[in-house]
Amino acid sequence: MALYIGVMSGTSLDGLDIALIEQDSVIKLIATHYIPMPDALRTELLRLCASGRDEIARSAIAQQHWVTLAAQGIHALLNQQNLTPQDIRAIGSHGQTVRHEPARGFTVQIGNPALLTELTGITVVSDFRSRDVAAGGQGAPLVPAFHEALFGEHTGNRAVLNVGGFSNLSLIETGKPVAGFDCGPGNVLLDAWIHQQRGEHFDRDGQWAAGGKVVPQLLNDLLSDPFFVTKGPKSTGREVFNLEWLRQHLGHLPALEPQDVQATLLELTALTIVESLQSAQAQTETLLVCGGGAHNATLMSRLAALLPSTQVSSTATYGVDPDWVEAMAFAWLAHCCLEGIAANRPSVTGARGLRVLGAIYPA
């Protein structure tokens, strides 16, 4: 039995999720801690997702702030649990993705693991995506192997859907290798649009979207993006789907009510998830949803309506809080790295083979 900590900061940039797991014959979530992302750091990390002035130095400074925040959260979690750094075998730190372009052979997550080791006194495993990309893979999504370990003991066709900034599916089918891929935007456009229009960081429960009307022409234009007709393995990010992408589509249409745009963006998220699932695993019996999207009641209702033959529910139904699944995954990935266990899945990422993922920074 060993204890691991996972640190996850996703594309939604709302904060840092820190999860403590016990890794034995089963994976057990022991404790969690959440740190909201300071507005100034969030703004700077968003700016770093595109080229800009002095971005190398700015990136180095931003990741120092990110790591300091992560270390504070880790120490707070240890104190809450009456643990010392010596009780933790390793931290699995995803870092913050600022660029993801596997077609060009790279993915960049900043997070200064050397500094995180110094500030915590705990071995850190990081840079999980690069080895898969080096092997010709997408480097994402990496969570399907963990989803399989966590939810794969049941028979039948099951899918796990993570809706963070982007949405991705893990397809778990008895007797077959786990499959998975990114579906498209999850919350990224919904969050960006409501922030621009109303100054809010997210649409709580999807209430603003629920009060709008879907605009068919806009929806069809958005769905025409080549990404949506590409078969997996595939992954995406802010390089493709961002406010400028949305503005280009809006520019072809008469002025629309902002709330109707929000409703259309939610429908885009729902439809791209459902169409991806039905094309890849038509007879899905259960769809388990995690990530921030699991709390969007409007999105969850829409998924259930579009999938009448599938039981749609939060991972909480199976005893796993949807907010902590990804942080748990990176704690588990640290375990796999230290044990020399391959944690990518070529059926998901398209890599040339199984690879041990991560770089180790010993305490």
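Computed from a prediction, not measured in an experiment: that's the story for all the values here.

Asker: Where do I start with the packing of helix 8 (residues 216-223) against helix 10 (residues 258-280) in this structure?
Answerer: Packed helix pairs are characterised by how far apart their axes lie and by the angle those axes make with each other. Between helix 8 and helix 10, whose axes approach to 10 Å, the crossing angle comes to 45°. One way to sum up the angle between helix 8 and helix 10 is to call them oblique. At the point where helix 8 passes helix 10, the crossing takes the right-handed sense. Across the interface between the two elements, L218, L219, L222 and L223 of helix 8 pack against V261, T264, L265, E267, L268, L271 and T272 of helix 10. Here the contact of helix 8 with helix 10 is built from residues that sort into eight nonpolar, two polar and one charged.

Asker: What is the right way to read the environment of V325 from this model?
Answerer: Here V325 shows up in helix 12 (residues 325-338). For V325 and L29, which are 296 residues apart along the polypeptide, the C-alpha to C-alpha distance reads 9.3 Å. Beyond its immediate chain neighbours, meaning those up to four positions away, V325 contacts F146, H147, C290, T315 and V320.

Asker: Which parts of the structure should I look at to understand the environment of M37?
Answerer: Here M37 is to be found in the loop between strand 3 (27-36) and helix 1 (39-47). In the structure, M37 is positioned 24 residues away from L13 in sequence and 6.7 Å away in space, judged by C-alpha atoms. Those residues in contact with M37, other than ones at most four positions away along the chain, are S9, L13, D14, G15, L16, R42, L45, W66, L69 and Q96.

Asker: How do you make sense of the nonpolar core when you look at a structure like this?
Answerer: In this structure, L169, L246 and L287 are the most contacted members of the largest nonpolar core, which totals 45 residues. Looking at this core, the element that brings in the most residues is helix 10, giving nine residues. Residues in contact with L246, not counting those within four places in the same chain, are W193, L222, V261 and L265. Counting 34 residues, the second-largest nonpolar core is a separate cluster that includes V143, F146, C290 and W332.

Asker: Help me understand helix 9 (residues 243-250), please; the structure alone is not making it clear to me.
Answerer: Structural remark: α-helix, 3.6 residues per turn; residues separated by three or four positions point the same way. Buried within helix 9 are the following residues: L243, W245, L246, H249 and L250. Taken around the axis of helix 9, the buried residues stretch over an arc of 160°, which confines them to a single face. Sitting at the head of helix 9, N242 places a side-chain oxygen 3.2 Å from the backbone nitrogen of E244.

Asker: Would you take a moment to explain the packing of aromatic side chains for this structure?
Answerer: Ring pairs (aromatic) are described by centroid distance and by the angle formed between their planes. Per the stated rule, a full pass over the model turns up six aromatic pairs. Each ring, one from F227 and one from F228, has its centre 6.0 Å from the other, and the planes form 80°; the classification is edge-to-face. Of the two residues examined, F227 and F228, each falls in the buried class. Ring pairing ties together the aromatic residues F227, F228, F241 and W245, which thus form one cluster. In this structure, K234 is placed above the aromatic ring of F227, and the distance from its NZ or CZ to the ring centre is 4.3 Å.

Asker: Teacher, can you tell me more about the side chain of D225 here?
Answerer: Within the secondary structure, D225 sits in the loop between helix 8 and helix 9. A distance of 2.9 Å separates a polar atom in the side chain of D225 from a polar atom in the side chain of W245. In this structure, D225 is in contact with V240, F241 and W245, ignoring residues within four places of it in sequence.

Asker: Just checking my understanding: could you explain the domain arrangement of the protein chain for this structure?
Answerer: By a frequent convention, interface size equals the accessible area lost on bringing the separate parts together. Taken domain by domain, the protein chain holds domain 1 (2-139 + 324-361) and domain 2 (143-318). On a C-alpha basis, the centres of domain 1 and domain 2 stand 23 Å from each other. The interface is formed by 26 residues belonging to domain 1 together with 25 residues belonging to domain 2. Carbon and sulfur atoms make up 63% of the area that domain 1 and domain 2 hide from each other, which totals about 2100 Å².

Asker: Sorry, what's going on with the pattern of salt bridges here?
Answerer: Should their charged atoms come close, side chains of opposite charge can pair. Following the criterion strictly, the structure yields nine salt bridges and no others. With a shortest N-O distance of 2.8 Å, E44 and R47 are connected by a salt bridge. Of this pair, E44 and R47 both sit in helix 1, separated by three residues, roughly a single helical turn. We classify E44 as buried; its relative accessible area is 15%.

Thresholds applied
- Residues numbered from 1 in each chain as written.
- Predicted model: local features only at pLDDT ≥ 70, side-chain atom pairs only at ≥ 80, totals over all residues.
- Heavy atoms only, no water.
- Axes fitted to C-alpha atoms, helices over the stretch in contact; angles between N-to-C directions.
- Helix = DSSP H or I, 4+ residues; strand = E, 2+ residues; numbered from the N terminus.
- Parallel < 35°, antiparallel > 145°, perpendicular 65-115°, else oblique.
- Left-handed = near helix turned anticlockwise from the far one by under 90°.
- Contact = heavy atoms within 4.5 Å.
- Nonpolar A, V, L, I, M, F, W, Y, C, P; charged D, E, K, R; others polar.
- Core = buried A, V, L, I, M, F, W, Y, C linked by side-chain atoms within 4.5 Å.
- Buried < 20%, exposed > 50% of the residue type's maximum accessible area, 1.4 Å probe, protein only.
- Arc of directions from axis to C-beta.
- Polar contact = N/O pair within 3.5 Å; in protein donor to acceptor, adjacent residues only side chain to side chain.
- Phe/Tyr/Trp six-rings, centres within 6.5 Å; stacked < 30°, edge-to-face > 60°.
- Lys NZ or Arg CZ within 6 Å of the ring centre and 35° of its normal.
- Domains from an automatic or database assignment.
- Buried area = accessible area lost by both parts, 1.4 Å probe.
- Salt bridge = Lys/Arg side-chain N within 4 Å of Asp/Glu carboxyl O.

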